[in-house]
Amino acid sequence: MIMDNQNKTQKKYRFTVFDLLVILFIVALIAAVVLRAPIQRLIENATSHDAYYVHFVAESVSYDSVTALESTHDETNGENWVYLSDGVTKLGSMVKGEGAASDNLNFTPADANIKTESGKTVIAQYPGDEKDINRIKYDVSDIIIACEGFESSRSGHFMLNGKTDIAPGSELSVRTKYGDFTLKVTAIVPAQ
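Residues numbered from 1 in each chain as written. Predicted model: local features only at pLDDT ≥ 70, side-chain atom pairs only at ≥ 80, totals over all residues. Heavy atoms only, no water.

Peer 1: I tried to follow the overall build of the chain on my own but got confused; where do I start?
Peer 2: Scanning the chain from N- to C-terminus turns up 3 helices and 11 strands. Ordering the α and β elements of the chain from the N terminus gives α-α-β-α-β-β-β-β-β-β-β-β-β-β. The buried share among the 192 residues of the chain stands at 29%. For the chain, restricting intrachain contacts to residue pairs at least 6 apart in sequence, the fraction spanning at least 24 positions comes to 66%. (Helix = DSSP H or I, 4+ residues; strand = E, 2+ residues; numbered from the N terminus. Buried < 20%, exposed > 50% of the residue type's maximum accessible area, 1.4 Å probe, protein only. Contact = heavy atoms within 4.5 Å.)

Have a look at this one:
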């Protein structure tokens, strides 16, 4: 009889799966309370998109690409849309003015080294010999696209369409009615 009483008082508690679930539930509740405000701000930012003008340059593009960019820039009737490289996600439309130096795209010859027939390397100048026009690369500036998005309070970057994180210096592969391009972001300005 004395042995039975000792066994009952020394019964050990075993940790079960149910205990683990209760502990995880309590930790999840605490995390939800602590993270509620940051998550709520993130959701609010994701649903409120504002209008912005994103300024770009295209570096070292061919003369045909310059022509295609100008054609997109000069389109009317909503045909000047720019898409991300997937061809489905609409980035925005090219606009004239809005802080640009002029209403036109500006293009200047990039530093292009061309070998002459004698083997000497020269820097290409535009306008040059007509047969060299397609070998010269150009830098195109004053590309402005009207976009929607928001400024991320967490990263300080601009969230284009709420999905794509961009900042000055970042590059985007885009597609227009006239061709595909890689554009470098130079500035992001709220539309007024």
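Now that the structure is up, let's keep going.
Peer 1: How should the pairing of strand β2 (residues 81–84) be read in this particular structure?
Peer 2: Look at any regular strand and the pattern is simple: side chains alternate between the two faces of the sheet. Bridging between β2 and strand β3 (residues 90–95) involves 3 bridges; their strand directions are antiparallel. The residue of β3 that forms the bridge with Trp81 is Ser93. The hairpin turn running from β2 into β3, its antiparallel successor, is 5 residues long, and Gly87 in that turn takes a positive phi close to 80 degrees. With 2 bridges joining them, β2 and strand β10 (residues 171–175) adopt antiparallel strand pairing. Bridge pairing in β10 links Leu84 to Val174. (Pairing = 2+ DSSP bridges.)

Peer 1: Can you walk me through the nonpolar core in this structure?
Peer 2: Side chains of a nonpolar character, in soluble globular proteins, are inclined to be buried together. Leu91, Ile143 and Ile145 are the most contacted members of the largest nonpolar core, which totals 26 residues. Among the elements of the structure, β1 (50–61), α3 (63–74), β2, β3, β7 (138–151), β8 (158–160), β10 and β11 (180–190) are those that each provide at least two residues to this core. Among residues more than four places away in sequence, those in contact with Leu91 are Val82, Tyr83, Leu84, Ile145, Ala146, Cys147, Leu160, Asn161, Leu172 and Val174. (Core = buried A, V, L, I, M, F, W, Y, C linked by side-chain atoms within 4.5 Å.)

Peer 1: What's the story with the side chain of Asp19 in this structure? I'm lost.
Peer 2: Checked against the element boundaries, Asp19 lands in helix α2 (residues 17–47). In this structure, Asp19 is buried with no salt-bridge partner, the nearest side chain bearing the opposite charge being Arg14 at 9.1 Å. Ignoring anything within four residues of it in the chain, the contact list for Asp19 reads Tyr13 and Arg14. (Lys, Arg positive; Asp, Glu negative; His and termini not counted. Salt bridge = Lys/Arg side-chain N within 4 Å of Asp/Glu carboxyl O.)

Peer 1: Whenever I open this one, a nonpolar patch on the surface confuses me. Can you help?
Peer 2: Judged by side-chain polarity, Phe18, Val22, Phe25, Ile26, Leu29, Ile30, Val34, Leu35 and Ile39 come together as a nonpolar surface patch covering roughly 890 Å² of accessible area. Position of Leu35 among the secondary structure elements: in helix α2. (Patch = residues over 30% accessible without salt bridge, like charges linked within 9 Å, V, L, I, M, F, W, Y side chains within 5 Å. Areas by Shrake-Rupley, 256 points an atom, 1.4 Å probe, with all protein chains shown as cover.)

Peer 1: Just checking my understanding: could you explain the environment of Ala51 for this structure?
Peer 2: When you line up the elements, Ala51 lands in strand β1. By relative accessible area, Ala51 is classed as partly exposed at 41%. C-alpha of Ala51 to C-alpha of Pro190: the two residues are 139 residues apart in sequence and 6.3 Å apart in space. Excluding residues that lie within four positions of it along the chain, Ala51 makes contacts with Cys147, Pro190 and Ala191.

Peer 1: How should I be thinking about the packing of aromatic side chains in this particular structure?
Peer 2: Going through the model one piece at a time under the given rule, you end up with 1 aromatic pair. Over the aromatic face of Trp81 sits the side chain of Lys90, whose NZ or CZ is 3.9 Å from the ring centroid. (Phe/Tyr/Trp six-rings, centres within 6.5 Å; stacked < 30°, edge-to-face > 60°. Lys NZ or Arg CZ within 6 Å of the ring centre and 35° of its normal.)

Peer 1: Sorry, what's going on with the pairing of β3 here?
Peer 2: Counting buried residues in β3 gives 5 out of 6 residues, a clear majority hidden from the surface. Bridge count between β3 and β7: 3 bridges; the pairing is antiparallel. Bridge assignment links Val95 to a residue of β7, and that residue is Ile144.

Function-wise, these values are silent; they only describe arrangement.
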